[in-house]
Amino acid sequence: MSVRHSGIGMTSLRTRVRMVERLREQGIKDEVVLAAMGFIPRHLFVEAALASRAYEDVALPINYGQTISSPWIVGRMTELLRNGGSNSLRKILEIGTGCGYQTAVLAKIASEVYSIERIGPLLTRTRIRLRELGILNIHLKHADGMRGLPEAGLFDGIMMTAVIPEIPETLLEQLAMGGRMVFPKGNRKQYLCVIDHTTEGFVETILDEVMFVPILPGTINR
Ligand code: SAH
């Protein structure tokens, strides 16, 4: 694993341990998620100028008007996706790759991660970053993620990291039986939402109030 922002490389492990302790205090309980977040060097996912703030519990800008989700949001959504480990996550679909931090955390807890991002140049940088970190069990795709990735499904878990008023039917159809989808739902008021694919159908649960950038249609190529 190459360390690019060398000056803070020495302190980042300690800072990460502190971030994990804080996440525990904030109610994240799944040790598998905490271990993944303790492992991934979050400071390498933001611009060098912001690296010293990477472990604070805030969302930070990552260019193109997008943000890296705060550590608590990443912890909470990943914990919800794992559902206490009851769902064996072989294949996951993420919609909204952004800087790839959430993708990297997902790659630690699942065998294979597919991730879709609509902004081409953002994805290009993320692709290089994830490769440099030696994270290989991921498939990145430049596309409008609203349609999902039917050719690669079904998925044991689907995570969307941009807010949407309602989940399209085509996405739900890509969720395997027993699988779970986690995403922010709403418009001005947003809530984390979980949809479980059960033998009785799709069951939706509304949870914490949150704040995300919106899901947008189409792609940006440069
Ligand atoms: N998990 C990311 C979150 C980035 S913000 C991170 O921590 O960096 C949400 C991301 O969703 C943005 O990168 C945005 O470009 C992307 N996005 C929005 N609408 C999309 C769509 N229809 N398809 C794919 N990605 C989309």
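Residues numbered from 1 in each chain as written. Predicted model: local features only at pLDDT ≥ 70, side-chain atom pairs only at ≥ 80, totals over all residues. Heavy atoms only, no water.

Once that is clear, we can look at the UniProt feature "active site" in the protein chain. UniProt tags Ser69 as "active site". Relative to the assigned elements, serine 69 resides in the loop between β2 (67–68) and α3 (71–82). Setting aside chain neighbours within four positions, we find serine 69 in contact with Arg42, Ala59, Val74 and Phe212. (UniProt positions renumbered as here; feature names shortened; annotations may be inferred. Helix = DSSP H or I, 4+ residues; strand = E, 2+ residues; numbered from the N terminus. Contact = heavy atoms within 4.5 Å.)

Moving on: the pattern of salt bridges. Once the charged atoms of two side chains with opposite charge are near each other, the side chains can pair. Across all of its chains, the model carries 11 salt bridges by this definition. Aspartate 30 is paired through a salt bridge with arginine 82; the nearest N and O atoms lie 2.7 Å apart. Separated by 52 residues along the polypeptide, aspartate 30 in the loop between α1 (9–25) and α2 (31–39) and arginine 82 in helix α3 bring together distant segments of the chain. Among the ionic pairs, glutamate 209 bridges to lysine 189, the shortest N-O distance being 3.4 Å. Note that glutamate 209 is positioned in strand β9 (residues 201–210) and lysine 189 in the loop between β7 (175–186) and β8 (190–198), a separation of 20 residues in sequence. Beyond isolated ion pairs, a larger network of salt bridges with shared partners links Glu166, Lys185 and Glu204. (Salt bridge = Lys/Arg side-chain N within 4 Å of Asp/Glu carboxyl O.)

The element β7 is extensively covered by neighbouring structure, given that 10 of its 12 residues are classed as buried. Across 4 bridges, strand β6 (residues 155–160) lies against β7 in parallel orientation. Across the sheet, phenylalanine 155 pairs through a bridge with leucine 175, a residue of β7. If you look at the hairpin formed by β7 and β8, you'll find 3 residues sitting between the two strands. (Buried < 20%, exposed > 50% of the residue type's maximum accessible area, 1.4 Å probe, protein only. Pairing = 2+ DSSP bridges.)

What follows concerns the site of the ligand. Near the ligand there are 25 residues, and of these Cys99, Glu117, Asp144, Gly145 and Leu216 occur at the shortest range. Interatomic distance of 3.4 Å between a backbone N/O atom of arginine 118 and a nitrogen atom of the ligand. Between threonine 161 and the ligand, the recorded distance is 3.5 Å, taken from a side-chain N or O atom to a nitrogen atom. Protein chains bury 99% of the 580 Å² of accessible surface belonging to the ligand in isolation. (Near = heavy atom within 4 Å. Polar contact = N/O pair within 3.5 Å; in protein donor to acceptor, adjacent residues only side chain to side chain. Areas by Shrake-Rupley, 256 points an atom, 1.4 Å probe, with all protein chains shown as cover.)

Running from N to C, α3 and helix α4 (residues 101–109) cross one another at 35°; their axes reach a closest spacing of 11 Å. Crossing hand, α3 versus α4: right-handed. The segment α3 lies against α4, with Val74, Met77, Thr78, Leu81 and Arg82 engaging Tyr101, Gln102, Val105, Leu106 and Ile109. For the contact of α3 with α4, the per-class residue count stands at 7 nonpolar, 2 polar and 1 charged. (Axes fitted to C-alpha atoms, helices over the stretch in contact; angles between N-to-C directions. Left-handed = near helix turned anticlockwise from the far one by under 90°. Nonpolar A, V, L, I, M, F, W, Y, C, P; charged D, E, K, R; others polar.)

What follows is about the nonpolar core. One finds Met37, Phe45, Ile68, Tyr101 and Ile135 to be the most contacted residues of the largest nonpolar core, which totals 49 residues. Going through the elements one at a time, α1, α2, α3, α4, α5 (120–132), β5 (138–142) and β8 are the ones with two or more residues in this core. Tyrosine 101 has contacts with Met19, Met37, Ile40, Arg42, Phe45, Ile68 and Val74, leaving out every residue within four places of it along the chain. Of all hydrophobic cores here, the second largest spans 21 residues; its members include Leu93, Ile95, Leu149 and Ile158. (Core = buried A, V, L, I, M, F, W, Y, C linked by side-chain atoms within 4.5 Å.)

Looking now at α5. Here α5 spans 19 Å end to end across 13 residues, near enough to the 18 Å set by a 1.5 Å rise per residue. The inward-facing, buried residues of α5 contact α4, β4 (112–117) and β5. A positive backbone phi angle near 75° is found at glycine 134, which sits one or two residues after α5. (Expected span 1.5 Å × (residues − 1).)

Another point: the packing of aromatic side chains. Taken as a whole, this structure holds 2 aromatic pairs when the rule is applied. The interplanar angle of 75° and the centroid separation of 5.5 Å between the aromatic rings of phenylalanine 45 and tyrosine 101 together place this pair among those described as edge-to-face. Here phenylalanine 45, found in the loop between α2 and β1 (60–61), pairs with tyrosine 101, found in helix α4; they are 56 residues apart in sequence, far enough to count as distant. Measuring from centroid to centroid gives 5.8 Å for tyrosine 114 and phenylalanine 155, while their planes differ by 65°, and the two rings are edge-to-face. Of this pair, tyrosine 114 sits in strand β4 while phenylalanine 155 sits in strand β6, placing them 41 residues apart in sequence. This pair shows no difference in class: tyrosine 114 is buried, exactly as phenylalanine 155 is. Over the face of the ring belonging to tyrosine 101 we find arginine 42, whose NZ or CZ atom lies 4.8 Å from the ring centre. In this arrangement the basic side chain of lysine 108 is found over the ring face of phenylalanine 39, its NZ or CZ atom lying 3.8 Å from the centre. (Phe/Tyr/Trp six-rings, centres within 6.5 Å; stacked < 30°, edge-to-face > 60°. Lys NZ or Arg CZ within 6 Å of the ring centre and 35° of its normal.)

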